[in-house]
Amino acid sequence: MAESLSLPAGNVIELEKVRVTFGGPKNQVTALAETSLRVAHGEFVALVGPSGCGKSTILKLVAGTLAATEGHVFVAGREVDAESARIGMAFQNPTLLPWLNVRDNVMMPLKIVPPFKKEFSRKRRGEYRDRVEASLARVGLGGFGDKFPWQLSGGMQQRASLCRALIHDPTLLLLDEPFGALDQFTREELWEIMQQLWIDKRPTVLLVTHDLKEAAYLASRICVMQARPGRIVDDGVVPFARPRTIDLSFAPEFVSLTQRLRERIVAARAVQEAAP
Amino acid sequence: MNEAARRHILSTVCILGFFVIWEILCLIFNVSDIVLPRPSEILVTLWTRFPAIWPHAVQTLYTTLLGFAFGIAIGVLLGILIGSSRLAYDVAYPLLVGFSSIPKVAVVPIFVLWFGAGTVPAVLTAMIMCIFPIVVNVATGLAATEPELQDVMRTLRATKWEILWNIGLPRTMPYFFASLKVAATLAFVGAVISETVASNRGIGNLMMIASSSFDVPLVFAGLFILAILGVALYAGFSLIEGRVTGWAVRSENFAGGG
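Conventions we followed
- Residues numbered from 1 in each chain as written.
- Chains lettered and ligands numbered in written order.
- Predicted model: local features only at pLDDT ≥ 70, side-chain atom pairs only at ≥ 80, totals over all residues.
- Helix = DSSP H or I, 4+ residues; strand = E, 2+ residues; numbered from the N terminus.
- Expected span 1.5 Å × (residues − 1).
- Buried ≥ 20, exposed ≤ 12 C-beta atoms within 10 Å, placed from the backbone.
- Arc of directions from axis to C-beta.
- Contact = placed C-beta atoms within 7 Å.
- Core = buried A, V, L, I, M, F, W, Y, C linked by C-beta atoms within 7 Å.
- pLDDT = per-residue confidence, 0-100.
- Pairing = 2+ DSSP bridges.
- Axes fitted to C-alpha atoms, helices over the stretch in contact; angles between N-to-C directions.
- Parallel < 35°, antiparallel > 145°, perpendicular 65-115°, else oblique.
- Left-handed = near helix turned anticlockwise from the far one by under 90°.
- Nonpolar A, V, L, I, M, F, W, Y, C, P; charged D, E, K, R; others polar.
- Domains from an automatic or database assignment.

(A) Seen up close, helix H6 (residues 184-201) of chain A. Residue and element names in this part refer to chain A. For H6, spanning 18 residues, the distance from its first C-alpha to its last is 26 Å, which sits close to the expected 26 Å at 1.5 Å a residue. Within the sequence span of H6, burial applies to Leu190, Met194, Leu197 and Trp198. Within H6, the buried residues cover an arc of 95° as seen down the axis, which keeps them to one side. Those residues of H6 that are exposed and angled more than 90 degrees off the buried face are Gln184, Phe185 and Asp200. Where H6 is buried, its residues meet strand E3 (44-48), helix H5 (154-166), strand E8 (204-209) and helix H7 (212-218). Phi for Arg202, located one or two positions after H6, is positive at around 50°.

What follows is the structure, given as structure tokens:
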């Protein structure tokens, strides 16, 4: 499938001259220097960079769990607030609720997010249940709905967490290093699942990751960030056609892309360390 | 015989052994039943004077359970308030600690002054005895809720109520049930204190009268009844706890049934 699908015009994410600082006037820390970022509908954007570069800060701004010190954050054309766009999020930890089984965990967004929540009590045993089962089956968790999170392996928990992030058809999917704590093989397996989900549903995705290979494999665009103060220093398109395979990650053009990204980040770190 | 059954038998034998040793020591040292009656004497007293003891036991159970129920209702509400609001925490915690430091026997006369002797002061005393542990545990449970779990809900734009209902309260259940087991026994203490001071019914009153006529076996019969009621209530809540909060101990039992 080619990248140039016809998609609704307009940006799902718009950061306009956003700045985030923590602390008082004396010990102020700039987590994010003035940054602007646009993510179009259906794009898969990865944010990469060293720790403390503000990747997660951008994610929190978009998720609405952190307020910008200056500037504006728009999601789906509206300023981020309590009534903003439908967002799904997966975290580094699966963060499944231990008192609910996998099915009820995945179903949670349908209980909270309009318009699903209006009909929740009526459809939870019928339509919504089927929907959850179908989504679990798609990530290879068919038949695990009755299990509790602690009965699953880390990789399976993370799959359930992906299902939960996608169950309510979010226009925007935020991924905060969701594959970071997994072993290499599980991670690659989940990359493939993630890519397939993206091809099927075409949500707009913002992925934060340390893993350059992961970024190059999954994203259609990569933003490189730099720390102190956090800012975006590079923004480039990933040219590979989809669906991409794990084999691709050993191809010379793929390796040279990750190498270039790596050099960019290393250079940025050198500048940063030279600064007082 | 499996491991669990063996453990049960062993613990039962040890508990029975406690009473047997009590019995034997009393016989060896020839202890008078006015000082310390033997368990067998207490059981005989329980059996022969059951019709006289029974209404008192019912009265004590009634006031305790009623006070306990009120205590749970108020305790949970206060706990939620304190656990979810900084201001409520700052205001209510010192008041609560101060209040719970007052010996409850000292407030019984006040209740009697307000409501007259009898059932009401016993219910109220049982209630105030069990509020404190419930409030502290519910508030702690809410405060200990992992921020990551709340973030899941916040990205979904859940309201404060939805977060409380779906995350905070379920997360608090293990703390809540731990406090219920403490509170259940405290409620008995409260009811009996009040009955001892100001009532003409209840186990507390029975023991008061029995001790003033040196009927020590009857006093101990009253203690036995209290202990049995307390254990029964504790066991009941342990059972419910296992069903509701089995996830906290990752019980396979819970996973199968839930």
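Read on for the rest.
(B) View of the nonpolar core. A:Val62, A:Leu174, A:Leu206, A:Leu207 and A:Ile222 are the most contacted members of the largest nonpolar core, which totals 89 residues. The biggest single contributor to this core is helix H2 (residues 102-112) of chain A, with 6 residues. Not counting the four nearest positions on each side in its chain, A:Leu174 is found in contact with A:Leu59, A:Val62, A:Ala63, A:Ile87, A:Met89 and A:Leu206. Among the nonpolar cores identified, the runner-up in size contains 51 residues, and B:Ile53, B:Met129, B:Phe188 and B:Leu218 belong to it.

(C) Region of interest: the confidence of the model for chain A. All names here are of chain A. The predicted model of chain A averages 84 in pLDDT, with 93% of residues at 70 or higher. Within chain A, the element-level pLDDT minimum falls on strand E5 (residues 78-79), averaging 72, and the maximum on E8, averaging 92. Residue range residues 1-8 is modelled with pLDDT below 50. Its contacts to residues more than four positions away, or to other chains, number 9 contacts.

(D) Seen up close, the pairing of strand E10 (residues 231-237) of chain A. As paired elements, strand E9 (residues 221-226) of chain A and E10(A) share 6 bridges and run antiparallel to each other. Bridging from a neighbouring strand, A:Ile222 pairs with A:Gly236 of E10(A).

(E) Broad picture of the interface of chain A and chain B. At the junction of the two partners, chain A supplies 20 residues and chain B supplies 17 residues. Those elements that provide at least two residues to the side of chain A that touches chain B are strand E6 (87-90) and H2 of chain A. A per-element tally of the side of chain A that touches chain B places H2(A) first, with 3 residues.

(F) The packing of helix H7 (residues 147-155) of chain B against helix H8 (residues 160-197) of chain B, seen in detail. Residues and elements named next belong to chain B. The N-to-C vectors of H7 and H8 enclose an angle of 135°; their axes lie 10 Å apart at closest approach. In terms of their interaxial angle, H7 and H8 are classed as oblique. Once H7 is placed against H8, the crossing between them reads as right-handed. Counted together, Leu149, Gln150 and Met153 of H7 and Glu162, Ile163, Asn166 and Ile167 of H8 form the full contact between these two elements. Considered class by class, the residues forming the contact of H7 with H8 number 4 nonpolar, 2 polar and 1 charged.

(G) Spatial organisation of the domain arrangement of chain B. Residue and element names in this part refer to chain B. If you check the domain split of chain B, you get domain 1 (1-30) and domain 2 (36-257). Just the C-alpha atoms count here: the centres of domain 1 and domain 2 sit 29 Å apart. Counting from both sides, the interface comprises 4 residues of domain 1 and, opposite them, 4 residues of domain 2. Partitioned by chemical class, the residues of the side of domain 1 that touches domain 2 number 3 nonpolar, no polar and 1 charged.

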